[in-house]
Amino acid sequence: MASVLSYESLVHAVAGAVGSVTAMTVFFPLDTARLRLQGVVNVLLTTPLWVVNTRLKLQGAKFRNEDIVPTNYKGIIDAFHQIIRDEGILALWNGTFPSLLLVFNPAIQFMFYEGLKRQLLKKRMKLSSLDVFIIGAVAKAIATTVTYPMQTVQSILRFGRHRLNPENRTLGSLRNILYLLHQRVRRFGIMGLYKGLEAKLLQTVLTAALMFLVYEKLTAATFTVMGLKSAHKH
């Protein structure tokens, strides 16, 4: 036991820790890139499923917009078959570009969360649970509001069966994103880009606020167990 707690063992432990921190610092950009790449790969792999899922959910719905073409799918396999047959295989990836942009939603959320937290900590010694909950909710609300127009376009592209005027042809290309945004604003005004935002905020804001609260509590508990002082007390 004495040999384990010897000065030599302490030196090795410190050296190992310093080496680990150095390696992590040097390769952290690569780790960040890896996580971003994972997000991109996830979008590319799951978009076809989201396209089919969206169309099946909206099948049979009555739309006021005459530009939307009704669909008739018998199931998942039939949906895949009809989409590939009628629109081409690339139609399964409609909405990919907005989805890739939406990968930055969590980044915006954390950026505002950390910024608001720093501002509050300048005025008080520690943050209460209510403080954490509120700034978490505000950060998510901002991130959702900023990216919501892309979510609107993403849904339209995933549904796909939408005729583009004046050519009167069926949508199947991501190059029409700007056209869709323009048409949305022209028909419904700028608020047309935010239709359904209230429901989305209700869905995501409370969840994110609770997540940040649990995150901060777990972080504080971890520092306590390790006998360290957290940089931010809550």
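Residue numbering note: each chain is counted from 1, following its sequence as written. Owing to the predicted nature of the model, reporting of local features is limited to residues with pLDDT of at least 70; listing and counting of side-chain atom pairs is limited to 80 or more, with chain, interface and lining totals taken over all residues. Note: side-chain values were computed over all heavy atoms of the structure, leaving out hydrogens and water.

**Some thoughts on the side chain of Thr 144**
- The helix count covers DSSP runs of H or I at least four residues long, the strand count covers runs of E at least two residues long, and both are numbered beginning at the N terminus. For Thr 144, the position within the fold is in helix 5 (residues 129-159).
- Exposed residues in this analysis have more than 50% of their type's maximum accessible area, buried residues have under 20%, and partly exposed residues fall in between, with area computed by a 1.4 Å probe over protein chains only. Of the residues examined, Thr 144 reaches a relative accessible area of 2% and is grouped as buried.
- Working rule for contacts: check all heavy atoms of both residues, and any pair within 4.5 Å makes them a contact. Among all residues touching Thr 144, those that are not within four sequence positions of it are Asn 105, Gln 151, Leu 197, Lys 200, Leu 201 and Thr 204.

**Quick notes on the packing of aromatic side chains**
- Two rings belonging to Phe, Tyr or Trp (six-membered ring only in the last case) form a pair when the distance between their centres is within 6.5 Å. Interplanar angles under 30 degrees mark stacking, angles over 60 mark edge-to-face geometry, and anything in between is tilted. Evaluated as defined, the whole model comprises three aromatic pairs.
- Centroid distance Phe 110 to Phe 212: 5.1 Å. Interplanar angle 65°. Geometry classified as edge-to-face. Of this pair, Phe 110 sits in helix 4 (residues 105-121) while Phe 212 sits in helix 7 (residues 197-226), placing them 102 residues apart in sequence.
- Residue class for Phe 110 comes out partly exposed when judged on its relative accessible area of 37%.
- For the pair Tyr 148 and Tyr 194, a centre-to-centre distance of 6.3 Å together with 15° between the ring planes defines the contact as stacked. With Tyr 148 in helix 5 and Tyr 194 in the loop between helix 6 (177-188) and helix 7, this pair connects stretches of sequence that are 46 residues apart.
- Owing to a relative accessible area of 8%, Tyr 148 belongs among the buried residues under this scheme.
- Judged by relative accessible area, which is 22%, Tyr 194 ranks as partly exposed.
- Feature note: the residues Phe 110, Tyr 113 and Phe 212 constitute an aromatic cluster, connected by ring pairs.
- Here the basic side chain of Lys 195 rests over the ring of Phe 188, its NZ or CZ set 3.9 Å away from the ring centre. Throughout this description, the term charge over a ring refers to an Arg CZ or Lys NZ atom that lies within 6 Å of the ring centre and within 35 degrees of the ring normal.

**Focus on the packing of helix 4 against helix 5**
- Angles shown run from 0 to 180 degrees and are taken between the N-to-C directions of axes, each axis being a line fitted to C-alpha atoms and, for helices, limited to the stretch in contact. Closest axis-to-axis distance for the helix 4/helix 5 pair is 8 Å, and the angle between their directions is 145°. Two packed elements cross with a definite hand, and for helix 4 against helix 5 that hand is right-handed.
- Following the grouping adopted for this structure description, the nonpolar residues are Ala, Val, Leu, Ile, Met, Phe, Trp, Tyr, Cys and Pro, the charged ones are Asp, Glu, Lys and Arg, and the polar ones are all others, Gly among them. Of the residues contributing to the contact of helix 4 with helix 5, the split by class is 12 nonpolar, six polar and three charged. What makes a crossing left-handed is the near helix being turned counterclockwise from the far one by less than a right angle; a clockwise turn instead makes it right-handed.

**Some details on the packing of helix 5 against helix 7**
- Taken N-terminus to C-terminus, the directions of helix 5 and helix 7 make an angle of 140°; their axes are 7 Å apart at the nearest point. The angle between helix 5 and helix 7 falls in the class oblique. Regarding helix 5 and helix 7, the two cross each other, and that crossing is right-handed.
- Considering only residue class, the contact of helix 5 with helix 7 consists of 14 nonpolar, six polar and four charged. Roughly parallel refers to an angle under 35 degrees, roughly antiparallel to one over 145, roughly perpendicular to one between 65 and 115, and oblique to any angle outside these ranges.

The values are spatial; any link to function lies outside them.
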